[in-house]
Amino acid sequence: MEASHKKKGKRPNLLADTVFSWSIDDVLNERLFKNKVEKIPESFQSVEHYFGCYVYPLLEETRAQVHSSMETIHRAPYAKVVSFENAKPYGRKLYNVKVDYWRNRFNDRGKEPYKTLPGDLFVLANAKLETVSDLQRLGRSWAFGSVTKVSENENKDDTTSLYFKVKASKELKVLKSTTPLFMVFLVNLIPNGRIWKALHMSKNLKIVKEVLCTDNVAQKSVCSEKNSDIVNMGLVQSLSSGLSESQTGTVLACLEMLHSRDKSAVELIWGPPGTGKTKTIVTLLLSLLQMNCRTLVCAPTNVAITEIASRLVKMVTEVESNAPYCSLGKVLLFGNKERLKIGSDIEEIYLDFRLKRLVECLGPQTGWRHCFTSMIECLEDGVSHYRTFLGNGLTIEKELKTTGQMQVKESRIVTKVGKDKCKTFLEFIRDRFVSIASPLRYCISIFCTHMAKNHISADIFQSMVSLVNLVDSFESLLFQGNVAPEALEDIFSRSDVEDISETCVDNSFLLFTNRRECLKVLHKLFDSLRKLDLPDFMKQESLMAFCFQKCFLDILHCIQLI
């Protein structure tokens, strides 16, 4: 059987449609494309010639995958069809299907349990299949089916994927008759299907022509001597310590393309498995990132995207190992979280995670304004807050006593009030400071990690680092055993340091100067952050636009090559 090609100007069939045309004998026939699969040439006459050379190898690879799955069909996930109906208004052979539950979901140890996904190829048969020969028995009815959509609501349940749309190679009513109908999973066609679409695309071929160089001789890009020196002596040498000479040369060649006099240029990185292509690409991406070059990274599989993202974050972390915070605000990863399998190693650059952190940092109850204001009030007005606290405790205790209803619950309240009434200023400030310092540190870490350095100045960044150090230092001094409650209250009541000796045993001088410096940095930062153009935390669109505008390196799973 030969693959049919649509006439020029018409969209080609999906790969699933070609698979639907195969018989069991076709699938089992290892010589099906023997006369069609040829050795890939080293050069190509045209773009059409290039694409055509890969069509039959792809079909043979798909056939081999389906064949392999059929050989182990007794171990494949399968389910009984409970109901199906035509998915109107889409016409025949497209059905809304419901199955009871998936058997053999946990068959292969070490793998995740089976879960239905778009692109899954099934065999639909009127009997449970044990071997591929069962499909060839007399009276057996079967068809191929491909999942086009999975119910989102059901997909969240751990029973997973019991409702979905299926495109079938035959009408299911013909198969059903009076016997049960079963669905048996074979393979997922999405990866091969994307390649199939790419091989049949008719638009955006300029980059392919550039790579193939079919119309002209490839020209070496011209780079000014000044720019070349910058690249060679600066950035790349600092990042390429783990690269070979060939890998370093590849990175340099790509960076030199930035200074090409041509309007557009293409550099191809290739090599056998294990030759360090990914490491080379990640080093190139980090170089572009540090040069503030806006870069879009695409790959045809989720595995490739997460591998690049993971290695890039690791390299950025290593480069900034001496910095108090690893700034990742200029890197953004987006796509389906479930399919990307976002782990702790790359969650900091994932869009949904970043949006959640920014909401925390910008919101009224947990955001930076609340954290800064609370800390300023604690350090400036600690004494007045303490007196208000004591006064409130006495008022509550007096009200409870005058009611004459000293029940068990009220007695507990009085006991607590009594304890609070005896709390010293030192105990009060320690409790208050710790409860405010923790969210303040967290908020600053969000700013320094998720806000791009092109949005917050180096001065603001350094002030935040200094503030955290001051907060840590003040907390350490506050919890030393030689701090006297009366002396601390006196310190919090002062606005100058005139009568405090630098050699005080109870660290009064250090507490005073540290408190004063904390307040100075807090006020300075508060004024600086208020002037920043920060997004509206209430509007998801505003937050997303902010993330995309401020990042310089976008990483995404390329869903479709068109």
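Because the structure is predicted, anything quoted here is derived from the model rather than measured.

Turning our eyes to something else, we now look at the overall build of the protein chain. Assigned secondary structure in the protein chain consists of 21 helices and nine strands. A burial count over the protein chain gives 43% of its 562 residues as buried. Counting only contacts in the protein chain whose residues sit at least 6 apart along the sequence, the fraction spanning at least 24 positions is 72%. Counting every atom, the protein chain has about 31300 Å² of accessible surface; 51% of that belongs to carbon and sulfur.

Now for the environment of Leu-333. As for its placement among the helices and strands, Leu-333 is situated in strand E8 (residues 331–334). With sequence-adjacent residues up to four places away left out, Leu-333 is seen in contact with Ile-305, Ala-309, Leu-340, Ile-342, Ile-346, Ile-349, Tyr-350, Leu-351 and Ile-555.

What follows covers the nonpolar core. Ranked by internal contacts, the top residues of the largest apolar core, which has 61 residues, are Trp-368, Phe-372, Leu-379, Phe-433, Phe-447, Leu-467 and Leu-488. Of all the secondary structure elements, the ones that give two or more residues to this core are helix H13 (351–362), helix H14 (368–380), helix H15 (382–403), helix H17 (425–450), helix H18 (458–478), helix H19 (485–493), helix H20 (508–530) and helix H21 (540–550). The element that contributes the greatest number of residues to this core is H17, accounting for 13 residues. Setting aside anything within four residues of it in sequence, one finds Leu-467 in contact with Phe-372, Leu-440, Ile-444, Cys-518, Val-521, Leu-522 and Leu-525.

Right, let's talk about the pairing of strand E4 (residues 142–150) for a bit. Of all the nine residues making up E4, seven are buried; the element is thus mostly covered by neighbouring parts of the structure. Relative to E4, strand E3 (residues 120–125) is paired through five bridges, and the arrangement is antiparallel. Its bridge partner lying in E4, Val-123 is registered against Phe-144. In this structure, E4 lies alongside strand E5 (residues 163–168), joined through five bridges in antiparallel fashion. Bridge pairing in E5 places Val-150 opposite Phe-164.

The end-to-end C-alpha separation of helix H9 (residues 245–256) is 16 Å, in line with the 16 Å expected for twelve residues at 1.5 Å each. Turning to H9, its buried residues are Gln-247, Thr-248, Val-251, Leu-252, Cys-254, Leu-255 and Glu-256.

Our next topic: the sheet that holds E3. One closed barrel holds the six strands; their spatial order is E1-E2-E5-E4-E3-E6, and the pairing between them is antiparallel. Strand-to-strand twist across the sheet, computed as the mean angle between neighbouring axes with direction ignored, equals 45°. Helix H3 (residues 47–71) contacts E3, E4 and strand E6 (182–188) of the sheet and is inclined by roughly 135° relative to E6.

Here the protein chain shows a mean pLDDT of 81. Residues at 70 or above account for 79%. Counted against residues more than four places away or in other chains, residues 1–12, with its pLDDT under 50, gives 19 contacts. The low-confidence segment residues 405–418, where pLDDT is below 50, has 13 contacts with residues more than four positions distant or belonging to other chains.

So, about the pattern of salt bridges. Across all of its chains, the model carries 13 salt bridges by this definition. In this structure, the salt-bridge partner of Asp-472 is Arg-441, at a minimum N-O distance of 2.7 Å. On the criterion of sequence distance, the pair formed by Asp-472 in helix H18 and Arg-441 in helix H17 is long-range, its members being 31 residues apart. Judged by relative accessible area, Asp-472 falls into the partly exposed class, the value being 33%. With a shortest N-O distance of 2.6 Å, Glu-475 and Arg-441 are connected by a salt bridge. Here Glu-475, found in helix H18, pairs with Arg-441, found in helix H17; they are 34 residues apart in sequence, far enough to count as distant. By relative accessible area, which is 25% here, Arg-441 ends up partly exposed. Taken together, the shared-partner salt bridges connect Arg-441, Asp-472 and Glu-475 into one network.

Taken together, Ile-207, Val-211, Leu-268 and Trp-270 make up a surface patch of nonpolar side chains, about 480 Å² in accessible area. Tracing the backbone through its elements, the reader meets Ile-207 in helix H7 (residues 206–212). Given a relative accessible area of 52%, Ile-207 falls into the exposed group.

Criteria and cut-off values
- Residues numbered from 1 in each chain as written.
- Predicted model: local features only at pLDDT ≥ 70, side-chain atom pairs only at ≥ 80, totals over all residues.
- Heavy atoms only, no water.
- Helix = DSSP H or I, 4+ residues; strand = E, 2+ residues; numbered from the N terminus.
- Buried < 20%, exposed > 50% of the residue type's maximum accessible area, 1.4 Å probe, protein only.
- Contact = heavy atoms within 4.5 Å.
- Areas by Shrake-Rupley, 256 points an atom, 1.4 Å probe, with all protein chains shown as cover.
- Core = buried A, V, L, I, M, F, W, Y, C linked by side-chain atoms within 4.5 Å.
- Pairing = 2+ DSSP bridges.
- Expected span 1.5 Å × (residues − 1).
- Axes fitted to C-alpha atoms, helices over the stretch in contact; angles between N-to-C directions.
- pLDDT = per-residue confidence, 0-100.
- Salt bridge = Lys/Arg side-chain N within 4 Å of Asp/Glu carboxyl O.
- Patch = residues over 30% accessible without salt bridge, like charges linked within 9 Å, V, L, I, M, F, W, Y side chains within 5 Å.

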